[in-house]
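Each chain is listed here by its residues.
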Amino acid sequence: MRKGMTFTRFIFEEQRRVPESTGEFTLLLNAIVTACKEISDDVNRGQLINVLGSANTENVQGEMQKKLDIISNDIMLKALEWCGHLAGMASEEMENIYPISPQFPRGKYLLVFDPLDGSSNTEVNVSIGTIFSILRCPEGTTDPTEEDFLQAGTRQVCAGYVLYGPATNLVLTTGQGVNGFTLDHDIGEFILTHPKLTIPEETNEFAINTSNFRYWEPPVRRYIEELFAGADGPRGRDFNTRWVASMVAEVHRILMRGGVFLYPKDSRENIGEGKLRILYEANPMSFIVEQAGGASTTGRERLMTVQPYTLHQRIPVILGARFEVERITRYHLIADSAD
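The following refers to the structure shown.

From N to C terminus, the chain includes 8 helices and 17 strands. Taken over the C-alpha trace, the chain has a radius of gyration of 20 Å; the compact-globule value for 339 residues is 20 Å, and the two agree within 12%. Considered along the principal axes of its C-alpha atoms, the chain spans approximately 60 × 45 × 45 Å. Relative to its full complement of 339 residues, the chain shows a buried share of 56%. Sequence separation of at least 24 residues holds for 62% of the intrachain contacts in the chain that already meet a minimum separation of 6. Accessible area of the chain: about 14,600 Å², with a carbon and sulfur share of 48%. For the chain, the separation between the mean place of its 33 positive charges and that of its 45 negative charges on side chains is 5 Å.

This is how it looks when you write it as structure tokens:
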């Protein structure tokens, strides 16, 4: 694909590669991207239109919602429910699935999304974003149930995110590699600026919230202690640490310059099964990272093979540079075999 082409042209050219394509998937992607442009505008103008700060409500996970969480969720729902390409939606901000109203036509896809990942950073102007994943609705199903959304990550048709930062970036995979686009505000179009993104197999940079060190499992502590030891330790070289507290920003940095990201399970009651949501965050980001040549694990198994059992299931996430992810997985397996 030629650098500099518009996203619209990009997806239409991709559609032409599939002779049996109906165009429904292409139109769905266009609708998602249009919704994200609207969210981007609200994020950029947040301090001017009084949409920052807490909404004084909690989401289904008991987390305090920001005003922009609710606004972004509503934008996604309203922009996509009428398009005719979806049979249903599920959002991190809603307890139950969102059925398509009978007044609108139904499509053959399901959409799961985190409308505003990292929203706790809105008041401090740190990069945040929208994460989405497209699944196929089971054939013959017009009224999907929660069970129809509970698909392993390997069954994703498409995954992507839009990063709202100094620039607005769209990163997308349909299983044929990863491409990055930048929004040109003058023409209102995303432009292909980062074709065929790849993640180096090795890295000297890692991202983890080290304040939780005392809660981690022994294999995670072993790994991080080795990185802290730097050139004087068993790895024989120095490492840099980063932590943004926005998964979109963390993954985007890894795609741009390499690295590894860890949000492992730990001994705290609310993190015992992990922190990040498998459907809305872990699966789509793992799909993107794997398609860019990286790897993703729970610490013990390939993340995208895990079968979800609830809409808001949490899971440990370790992803990025393949050699580092493999090392961390090996440390978990060694610890488990010793036990």
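Attention now moves to the sheet that holds strand S3 (residues 86-91). The sheet built from 8 strands is open, its strands ordered S4-S3-S5-S6-S7-S8-S9-S10 with mixed pairing. Because the sheet does not close on itself, it has two edges, and the strands there are strand S4 (98-99) and strand S10 (189-194). Here strand S9 (residues 178-184) pairs with S10 via 5 bridges, running antiparallel. Bridged to Leu 183 within S10 is Phe 190. Packed onto the sheet, helix H1 (residues 7-16) meets strand S8 (168-173), S9 and S10 and runs at close to 75° relative to S10. Packed onto the sheet, helix H2 (residues 24-44) meets S3, strand S5 (109-117), strand S6 (128-136), strand S7 (158-164), S8, S9 and S10 and runs at close to 160° relative to S6.

For the rest of this paragraph, the subject is the nonpolar core. Counting residues in each nonpolar core, the largest one holds 43 residues, and the members touching the most others are Tyr 161, Phe 261, Met 285, Val 317 and Leu 319. Going through the elements one at a time, S3, S5, S6, S7, helix H6 (247-257), strand S13 (260-263), helix H7 (278-291) and strand S17 (317-320) are the ones with two or more residues in this core. Among the elements that make up this core, the one with the highest residue count is H7 (8 residues). Leave out the neighbours within four places in its chain, and Phe 261 touches Ala 207, Trp 243, Met 247, Glu 250, Ile 254, Leu 276, Val 317, Ile 318 and Leu 319. Within the second largest apolar cluster, 42 residues are counted, among which are Ile 75, Tyr 164, Leu 183 and Phe 190.

Direction vectors running N to C along H6 and H7 enclose 10°, while the axes themselves pass 11 Å from each other. Considered as vectors, H6 and H7 are oriented roughly parallel to each other. Of the residues in H7, those in contact with Met 247, Val 248, Val 251 and Leu 255 of H6 are Glu 281, Met 285, Ile 288 and Val 289. The residue makeup of the contact of H6 with H7, split by class, is 7 nonpolar, no polar and 1 charged.

Strand pairs in the sheet, formed through backbone hydrogen bonds, run parallel or antiparallel to each other. Pairing in this open sheet of 5 strands is mixed, and the strands run S12-S11-S13-S17-S15 from one edge to the other. In this open sheet, the two edge strands, each paired with only one partner strand, are strand S12 (240-242) and strand S15 (295-297). With strand direction ignored, the average angle separating the axes of adjacent strands in the sheet is 15°. Contacts from H6 reach strand S11 (205-207), S12, S13 and S17, with the element oriented near 30° to S17. Across the sheet, helix H8 (residues 322-338) touches S13, S15 and S17, and the angle it forms with S17 is around 150°.

For the rest of this paragraph, the subject is the pairing of S5. When you tally the buried positions in S5, you get 9 out of 9 residues, the bulk of the element. Both S5 and S6 contribute to a ladder of 7 bridges, which runs antiparallel. Across the sheet, residue Leu 111 finds its bridge partner in S6, namely Ile 134.

Right, let's get into the side chain of Glu 217. Within the secondary structure, Glu 217 is located in the loop between S11 and helix H5 (218-229). A polar contact of 3.0 Å, which involves the side chain of Glu 217, links it to the side chain of Arg 300. Among residues more than four places away in sequence, those in contact with Glu 217 are Lys 265, Arg 300 and His 332.

Conventions and cut-offs
Residues numbered from 1 in each chain as written. Predicted model: local features only at pLDDT ≥ 70, side-chain atom pairs only at ≥ 80, totals over all residues. Heavy atoms only, no water. Helix = DSSP H or I, 4+ residues; strand = E, 2+ residues; numbered from the N terminus. Rg over C-alpha atoms; globule rule 2.2 N^0.38 Å. Buried < 20%, exposed > 50% of the residue type's maximum accessible area, 1.4 Å probe, protein only. Contact = heavy atoms within 4.5 Å. Areas by Shrake-Rupley, 256 points an atom, 1.4 Å probe, with all protein chains shown as cover. Lys, Arg positive; Asp, Glu negative; His and termini not counted. Charge placed at Lys NZ, Arg CZ, Asp CG, Glu CD. Pairing = 2+ DSSP bridges. Axes fitted to C-alpha atoms, helices over the stretch in contact; angles between N-to-C directions. Core = buried A, V, L, I, M, F, W, Y, C linked by side-chain atoms within 4.5 Å. Parallel < 35°, antiparallel > 145°, perpendicular 65-115°, else oblique. Nonpolar A, V, L, I, M, F, W, Y, C, P; charged D, E, K, R; others polar. Polar contact = N/O pair within 3.5 Å; in protein donor to acceptor, adjacent residues only side chain to side chain.

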